[in-house]
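Chain by chain, the residues run as shown.
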Amino acid sequence: MKIITFLTLLVVTTLCHSQSIDIRNFKMDENINRNFNQGSRIHYSFEIRGDYTYHTHGYNRVDLILYEDSVTTSNEINRIYWNREGDHQLIFNTYTKKEMWVTINDNSTSTRPGKRFILVAKYAGLTTQFTYTYSNPDRDNDGVPDSVDSCPNEAGSSSNNGCPFVSLANVEITQLRILRNGSTEIFNSNTNSTPILSYGNSYEFIYTVENSGGRATNLNLSKFFSYNSTFDPYDDFFIEQDESSAIAAGGKITLRTFVNPGYGYIGNASVSNNQGCYFITSLVYENGDNSTSEFESRIGFIYSTNTSSRLASSYRLQSFDFSGNLISSKEVKGKVEEKQFVQSLPQGSYIIKSDLGETYKIFKN
Ligand SMILES: [Ca+2]
Ligand SMILES: [Ca+2]
């Protein structure tokens, strides 16, 4: 009984061998970086095992077809029918190395780094294929193979042929001006005063953004209101966001935003009279090598519910008589100086105009 079982296994095992194409270690036996023209020989090898005899299986050949790059008709290099010379007793009890060659059909090829060759083997209605790829090292480990890396010893970006970007973007806000009601400048980062932003006025923030480095992309300028000078995008109050797709190397752009303080609030943040607060501007941009950088600026300001507190900056007053003749003119800062200006006028009736848009009449006895 044991002997019968053993024999059955043996038969099955033998049949299995006959039904597979047992090849391994397919390899192109040509040096790297060789060029081949039509008619030249190209060598390859593999190891084979199994029973491929005609009188056992009824098939009289093993087809070996060599392709480059991929298995399509136009990529076929050549094929052989093994063994046409009459060796129809193809029995390999162990893996046996076979060295073969074919002539290049009608297309030239090469064994450059990364080049693929595919051997398709067919026998007894079965088809299987084996791939050999010439090594293509990546010495600097940047994901760009040496064969296409313009800087093979220096890590870089694939979008720059494996070379590092020599000039990263360097973007910053070089100036910020704040205009009140479209005309009066109440803040300029060149002079760094503390502006007062008061209820009932409109403030225009004008950012000059300069790039002293290489090309930057995807600029994103976000404005936050904060009760303290420490930027925290989760706790601070978002005001507005500007986006700009790119800024050229050495270029500059201007971005504007408007802030209209309400009575006791700015944006969605509650704020009380005379409270010191901050505007924090966060500028995020891409360097051009897909790395992201950030620039921050912050300015302190005072919020006021008193619309007249906007007079903290200087403005021009003019006095006219009731016929419209200009009597006097003076640059003043605040209500105290304005009162002094009015008191200095001689007896009479006047129309007072400020360049903030205020107009009123006074009578001096
Ligand atoms: Ca590389
Ligand atoms: Ca590189």
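All values derive from a computational prediction rather than experimental measurement.

Each helix and strand counted, the protein chain has three helices and 24 strands in total. Here the C-alpha atoms of the protein chain give a radius of gyration of 42 Å, more than 25% beyond the 21 Å that 2.2 N^0.38 yields for 365 residues. The proportion of buried residues among the 365 residues of the protein chain is 18%. Residue pairs in contact within the protein chain that sit at least 24 positions apart in sequence constitute 61% of those at least 6 positions apart.

Below, the discussion takes up the sheet that holds strand S20 (residues 292-304). Reading across the sheet, the five strands line up as S12-S20-S19-S14-S15 and stay open at both edges, with mixed pairing between neighbours. The strands lining the two open edges of the sheet, one partner per strand, are strand S12 (196-198) and strand S15 (237-247). Across the sheet, the mean angle from the axis of one strand to that of its neighbour is 30°, orientation sign disregarded. Of the strand pairs in this sheet, strand S14 (residues 216-226) and S15 are connected by nine bridges, and their pairing is antiparallel. The residue of S15 that forms the bridge with Ala-216 is Ile-247.

Of the strand pairs in this sheet, strand S10 (residues 171-180) and strand S11 (residues 184-188) are connected by four bridges, and their pairing is antiparallel. Pairing of Arg-177 across the sheet is with Asn-188, part of S11. Linkage of S10 to S11, two consecutive antiparallel strands, is achieved through a turn of three residues, within which Asn-181 is found at a positive phi near 50°.

Here the focus is the sheet that holds strand S6 (residues 91-103). Spatially, three strands are ordered S1-S3-S6 in an open sheet, and the strand pairing comes out antiparallel. Each edge of the open sheet carries a strand with a single partner, namely strand S1 (22-28) and S6. Pairs of neighbouring strands in the sheet enclose a mean axial angle of 15°, with direction left out of account. Sheet topology note: the S1/strand S3 (residues 41-51) ladder contains five bridges and is antiparallel. Its bridge partner lying in S3, Lys-27 is registered against Ser-45.

The backbone of Asn-33 sits at a positive phi, close to 70°, despite the residue not being glycine. With respect to the secondary-structure elements, Asn-33 resides in the loop between S1 and strand S2 (35-36). The exposed category is assigned to Asn-33, around which 12 C-beta atoms lie within 10 Å. Of note, the phi angle at Asn-274 is positive, near 65°, even though the residue is not glycine.

One finds Val-171 and Leu-219 to be the most contacted residues of the largest nonpolar core, which totals 27 residues. Those elements that provide at least two residues to this core are S10, S11, S12, strand S13 (203-211), S14, S15, strand S19 (275-286) and S20. In this structure Val-171 touches Val-209, Asn-211, Ala-216, Leu-219, Ile-247, Leu-283, Tyr-285 and Phe-295, once residues within four positions along its chain are discounted. The next biggest cluster of nonpolar side chains, apart from the first, holds 17 residues, and it includes Met-28, Tyr-52, Leu-64 and Phe-117.

Along the chain, the position of Val-166 falls in the loop between strand S9 (126-133) and S10. According to the C-beta neighbour criterion, Val-166 is exposed, with 8 such atoms within 10 Å. Sequence separation between Val-166 and Ile-299 is 133 residues; the distance between their C-alpha atoms is 33 Å.

Our next topic: the environment of Val-62. Tracing the sequence through the fold places Val-62 in strand S4 (residues 62-68). Considered as a pair, Val-62 and Phe-279 are 217 residues apart in the sequence and their alpha carbons are 79 Å apart. For Val-62, the residues in contact, after removing those within four places along its chain, are Tyr-52, Trp-82, Leu-90, Ala-121 and Tyr-123.

The element strand S24 (residues 359-364) is largely exposed, with a buried count of zero among its six residues. Direction of pairing for strand S23 (residues 348-354) relative to S24: antiparallel, over a ladder of six bridges. Among the inter-strand pairings, Ser-349 is bridged to a residue of S24, identified as Phe-363. Hairpin connection from S23 to S24: four residues lie between these consecutive antiparallel strands, with Gly-357 at a positive phi of about 100°.

Attention now moves to the environment of Val-171. As for its position among the elements, Val-171 is in strand S10. Sequence separation between Val-171 and Phe-301 is 130 residues, and the spatial gap between their C-alpha atoms is 24 Å.

Reading the values: the criteria
- Residues numbered from 1 in each chain as written.
- Chains lettered and ligands numbered in written order.
- Predicted model: local features only at pLDDT ≥ 70, side-chain atom pairs only at ≥ 80, totals over all residues.
- Helix = DSSP H or I, 4+ residues; strand = E, 2+ residues; numbered from the N terminus.
- Rg over C-alpha atoms; globule rule 2.2 N^0.38 Å.
- Buried ≥ 20, exposed ≤ 12 C-beta atoms within 10 Å, placed from the backbone.
- Contact = placed C-beta atoms within 7 Å.
- Pairing = 2+ DSSP bridges.
- Axes fitted to C-alpha atoms, helices over the stretch in contact; angles between N-to-C directions.
- Core = buried A, V, L, I, M, F, W, Y, C linked by C-beta atoms within 7 Å.

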